[in-house]
Every structure is written in structure tokens, then in C-alpha cells.
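Next come the chains, spelled out residue by residue.
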Amino acid sequence: MTGRPATYVRKRRLKLKKKNILAVAVALVQGAAFSAMAATGAAKDPNIVIILADDMGFNDIQPFGQTVIATPVLNELASGGMRFTNYHVHATCSPTRAQLLTGVDNHRAGMGSMGEFHIPEMDKYPGSYIGAMNERVKTIAEVLKERGYSTFMSGKWHLGGKKEYLPPAKGFEKSFVMLDGGGSHWDSRGLLGVQPITRFTEDGRPVSRDTGEFSSDLYTDKFLSYMKTAQRAGRPFFGYLAFQAAHDPLHAPADYIKKYRGKFAEGYDKQRQDLYANMKRLGVIPAGTKMSDPPPMFKPWSKLSADERKHQERLREIYAGMIDNMDMNIGRVIAELKKSGVYDNTIIFFFSDNGPSAAYMDFYPGNADGKWIKENYDTSFENLGAPKSFAGLGPGWAYASSAPFKLFKTMVTEGGTISPLIVRGPVVKNPGTINDGFLAVEDIFPTILDLAKAERGSERNGVPLVPLKGKSFSEVLKGNVSSARGPSFERGEELFGNKVYRHGNWKISWLPKPFGEERWQLFDMQQDRGETRDLAALHPEVVSAMVTKYDRWAQENDVLNWDYQYLRKFILNYFDWRKGMPKQIENKDF
């Protein structure tokens, strides 16, 4: 101001003072408005994140009993949220995903079976067995998008590959997905000899998968980029991170495998007992739960040769590395939420899509004779876990991961359908608690709608919506009730001819031999979650009444009568221990 007249200086100072006062006043008004928006918006418009593991067992993470595999991030999530110990998904991947995203029974949503299987009987139920979500349902993404949310996903889709079935057509504004059920975790090598290349799309357009990142790292990278973009848009967001881990083939970064070297030398029999004991100690299974007997699908650890033990140890080391790496990547998501200041206004759901897989790689279509595997993969012990390796977990370790429950993925038993569930967010009234009320995967949809104050509506593109199967458990999260369902709730389910009906604690189950008795069995699920004691002979009247209810439910939900000869040929015979034990195919076998 040097050289300026004194009167100018005084006027300039007065003008700046008035301008500053006005700026402060405007800032105060804007700040008050922002605070009011934050105060109301946090309650009205929470961010929603669903994180889904693939083929992971109930006890594979520390909050639910794991004693060896480190999952510190999920530990933190559980301590700040709620653990649900009686939460059920479906017995395989895509039916679970359909029920998750729509809140509707998998049959009525279009995924009455997995899309890889088809029989003429399915054609009698238009829209129910199309291997994708049909026009009679809306997804969480569609509903929340209408509500003003940014919507995005990354990871495994497995809900149809036609344009009209892809994520952009189902409400996701941004997406990077693997369309198929599985494949290499490093590139686009396939899982099935009949489909040797795995398909990927980004925002609905086919893309290559040849840059070599590990699947969980890549999917998290994409997820974080979409989440940052959504936050810049200033809207609440819904993000769906569907990991491919721990689905076979077993792959993991070398340093994660090395971390678990020698940690499983005691074997799967001992670990199953250790896990069972720790689950009882943590209170994640009801007191008095008995362990189901393992099927004779694998040798006792004590009967394995030194080479067999070495091979089995390595399989579990890789599997552990997959879950450990997934936990680390979940930590990346949480770190970004905290960094951007929205963690405390974000509701996170974490669970698995089904129980652990007992299969080796010859289970899948086109793989049985081993020729395609030999031509395309290096199955040597030294290469296990690395790119071009091709191995499955097998029944010994799968039964450890499903302890103390009966059976595994594909079977509609507790071992195939019970999943750990963690929910963390501002809605959780009592963090660090455990809830054992019955929940199911279709309950996620109405719960999210409640929390986001969103409306599903009655139609989609002029087509009436089928009724929801799910029940909201938002009041459970808020601490107002202990269960989303009453003590006499009813629920039916079916997959591949495995039939189940629940009426409160009672469960009737029909499974073909040797997995069941090819008749209706009855279990008390509060006293016997391991399904070890069949009570059908003691309560025939209960069985009769529940079978009538199952039949009515099946008719209302387009459940077909399966050809069991077909099922045995393509699915069941592989796990039928009367026909021998599954065996890992290795190049040295040829």
C-alpha cells in the first residue's frame, strides 16, 4: 500500500473488514447447513458395502474359530460390529448371489439351478431356470440407484453372460467382473475343460485379463477406484466386492504361502478338533453341539504317506494364504473409508457364498480324464499356488473348514449352507456381540432397503415383481429385537434335489444316499446343529406336517422334480464315497 493516500487505506481496510465479516457469516451459515445435513444425512443415507468371500468355511476366520489363519482385519470388524452365528446362504455360488441381490427365492429369481446345468424339465418353468436374474426381480443396486446412490461392484458375477444380464443392466453404474464361476487367480485361464477361457467385462464391455495381478488385489484395486469416484460425486454409495478367493484353483502370492509353511503339519484331523474346541470356547456354536462324523472320502491323516502329507500341507498353506490376502485387501477398503472420513457412516456386511468345497479339479466338466489339465497346467508340487498350477482343497481340509457341521458345498446341510456373517456400522447398537437368531442370505436385501430408506416398488419395466423371501433384520442390528423371525418361522430351500424345510428349530432334510437316507430326516437345530441325530422315528407327526408344507412351498416356488440319474452322473457320483475317494490329478499320473 506504500505511496497510497491515507484515506484510501482507511476505506480499503473498512471494505476488507466488511467483506471478511460477510465471508465469516456465509461460512457459518454454510457450516450450519452442512452440519444439519450431516446430522440427518448420516442417519438417512449410510454408505453400504457388501464383501463376499467365495467357498470359505464357517470357521476359516478368527472371529468364528480359526486357530491358524490370521484375519486381523476381520477381527477388528467383528469387535466393532455384530457376529451372526446362525446365518445361512445357499449350497453353491450363483443361487446365493441371486438371493443376495434380489431378496427373492433363487428359483423365482431365475437361478433355480446353476446355469451350467440344464434338463428339459426346466422348460416347464419359464424364467426360473435361466442361469441369470430374470425380469421379475429388482437388485439392491437398482433400488439404491433409484434412491440416489452411486452403485459399483468388482469381482465374481456368475449371474449370466448375456448383455441383458450383466451388471450395467442390473443397476451397477461401474463394474469390473469375472462372468464365470471360477478360473485362474492370475489370468484368464479357465476352470473347465469345456470352457477353457474365463470371461471378464468392465462396464459391460469384454476386457482382457492378462496383466498378471492376483485376483483379490486386482478386484480391490478396481473397487477402490470406483469408491473414490463415487465419493467425489458427493452421493452415498453402494459397493459390492465379490472376491474370487478362496475358490479353486488354489492360488496365492508366494509370500502369503510361505507365511504358513509348516503350520498345518499336524493335519486335517487334528485341526478339525482344534477348531471345534475353539468354536465352543468363543461361543459361536450352541453349547452341547456335537461334531458330525466325517464321511469316508479321505484317508485319516495317520494313514497318509510322507509325500501325501507334504502335498496336503501345501494345499492348506495356499488356502490359508488366499484368506490372509483377502483379509489384507479388506483392510485396504477400510483404510480408504477411514482416510476419506466416511467409515463411521458406512455399513459393512461380510460373509461367504457357501460352505467349503471338497472337490479336486477333476470334478469340473471336461476335466475328468485329466488330459486338458495336463495340456494346460503345471501340477508339480514345486509349482503349487503359482500361475499355471491347478489344484483343489479336497475333502480332508474341507471337512476341517466345515467343522462341526455336516458335509460341505453343494449339499443343503449346515456344512454346505452356514456362513459367518459380520455386520459393522453406525446402525449396530451393541458392537462386539454375538447373535444366534436364524438369518438367511435373502434377508440382506430388505435390511439394506430399511437402512437406506429405499422402496423396492411393485414392478420392473412393467413386469410385476415376485414377493420377497427375505426378512429385514435392521431392528436386530439396532438392538430392539433378538431375531428377525419368530420362534415358529418357516422356510424352504432346494438345490440339485437336496430338499430342506425349517419350522422353528425343526429341520427336515431329504438327501440322496449316501449323503442322506433318501427319505425325510428330522433334526433339532438348536440342540443338534451338527445334524448327528435323526429324530424322524420319534416324531413322525412333525415330519408329516412339515413334508406337506415343503410340498406346498415347492409348488409355489417352481421347484422341479430332478432326474436323479442325471444328478448322479454330473454331480453326486463324484462325492459318493461308495465309489471311491476323490483324488487330485497331477501330471505325474500320466
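Above this text you will find the structure in question.
Residues numbered from 1 in each chain as written. Predicted model: local features only at pLDDT ≥ 70, side-chain atom pairs only at ≥ 80, totals over all residues. Heavy atoms only, no water.

Caption draft 1: Local environment of the environment of Phe473. Mapped onto the secondary structure, Phe473 falls in the loop between β15 (463-464) and α14 (474-477). Through-space distance from the C-alpha of Phe473 to that of Val342 is 23 Å; in sequence the pair is 131 residues apart. For Phe473, the contacting residues outside a window of four places in its chain are Phe84, Phe349, Leu421, Val423, Leu439, Asp443, Ile444, Thr447 and Ala484. (Helix = DSSP H or I, 4+ residues; strand = E, 2+ residues; numbered from the N terminus. Contact = heavy atoms within 4.5 Å.)

Caption draft 2: Examining the packing of aromatic side chains more closely. Across all of its chains, the model carries 38 aromatic pairs by this definition. Ring centres of Phe496 and Trp562 lie 5.8 Å apart, and the angle between their planes is 65°; on these two criteria the pair is classed as edge-to-face. Taken together, the residues span a long stretch of sequence, with Phe496 in the loop between β16 (490-495) and β17 (498-503) and Trp562 in the loop between α15 (540-556) and α16 (564-575) at a distance of 66 residues. Against the face of Phe489 rests Arg485, its NZ or CZ located 6.0 Å from the ring centre. (Phe/Tyr/Trp six-rings, centres within 6.5 Å; stacked < 30°, edge-to-face > 60°. Lys NZ or Arg CZ within 6 Å of the ring centre and 35° of its normal.)

Caption draft 3: How the structure looks around the packing of helix α2 (residues 72-79) against helix α9 (residues 306-339). Between α2 and α9, whose axes approach to 8 Å, the crossing angle comes to 50°. Between α2 and α9, the interaxial angle falls into the category oblique. Packed against α2, whose contacting residues are Pro72, Val73, Leu74, Glu76 and Leu77, the element α9 presents Asp327, Ile330, Gly331, Ile334 and Lys338 at the interface. Classifying every residue of the contact of α2 with α9 gives 6 nonpolar, 1 polar and 3 charged. (Axes fitted to C-alpha atoms, helices over the stretch in contact; angles between N-to-C directions. Parallel < 35°, antiparallel > 145°, perpendicular 65-115°, else oblique. Nonpolar A, V, L, I, M, F, W, Y, C, P; charged D, E, K, R; others polar.)

Caption draft 4: Just the nonpolar core, in detail. Ile330, Phe350 and Phe575 are the most contacted members of the largest nonpolar core, which has 109 residues in total. In terms of residue count, the dominant contributor to this core is α9 (11 residues). Apart from residues no more than four positions distant in its own chain, Phe575 is found in contact with Met297, Ala358, Ala359, Phe363, Phe408, Thr410, Met411 and Phe515. Counting residues in each nonpolar core, the second largest holds 50 residues, with Phe349, Ile444, Leu449 and Ala454 among its members. (Core = buried A, V, L, I, M, F, W, Y, C linked by side-chain atoms within 4.5 Å. Buried < 20%, exposed > 50% of the residue type's maximum accessible area, 1.4 Å probe, protein only.)

Caption draft 5: Structural context of the environment of Ala169. You can see Ala169 is positioned in the loop between β3 (150-156) and β4 (174-178). As a C-alpha pair, Ala169 and Phe445 span 276 residues in sequence and 18 Å in three-dimensional space. Sequence-distant contacts of Ala169, that is, excluding residues within four places in its chain, are made with Glu142, Lys163, Glu164 and Arg460.

Caption draft 6: Seen up close, the pattern of salt bridges. A complete count under the given rule lists 37 salt bridges for this structure. A salt bridge links Lys469 to Asp105; the nearest nitrogen and oxygen atoms lie 2.7 Å apart. Highlighted residues: Lys469 in the loop between β15 and α14 and Asp105 in the loop between α3 (93-102) and α4 (106-109), separated in sequence by 364 residues. The exposure classification of Lys469 matches that of Asp105, with both residues buried. (Salt bridge = Lys/Arg side-chain N within 4 Å of Asp/Glu carboxyl O.)

Caption draft 7: Geometry of α2. Three or more residues of α2 are buried, namely Val73, Leu74, Leu77 and Ala78. One side of α2 carries all its buried residues, which in axial view fall inside an arc of 135°. Where α2 is buried, its residues touch β2 (82-88), α9, β10 (346-352) and β11 (418-424). (Arc of directions from axis to C-beta.)

Caption draft 8: Highlighting the packing of helix α6 (residues 215-232) against α9. Where α6 contacts α9, the axes come no closer than 10 Å and their chain directions differ by 15°. When the interaxial angle is binned, α6 and α9 end up roughly parallel. With respect to the hand of their crossing, α6 and α9 are arranged in right-handed fashion. In contact with Ser216, Asp217, Thr220, Asp221, Phe223, Leu224, Met227, Lys228 and Gln231 of α6, α9 contributes Asn325, Met328, Asn329, Arg332, Val333, Glu336 and Leu337. Taken together, the residues that form the contact of α6 with α9 break down as 6 nonpolar, 5 polar and 5 charged. (Left-handed = near helix turned anticlockwise from the far one by under 90°.)

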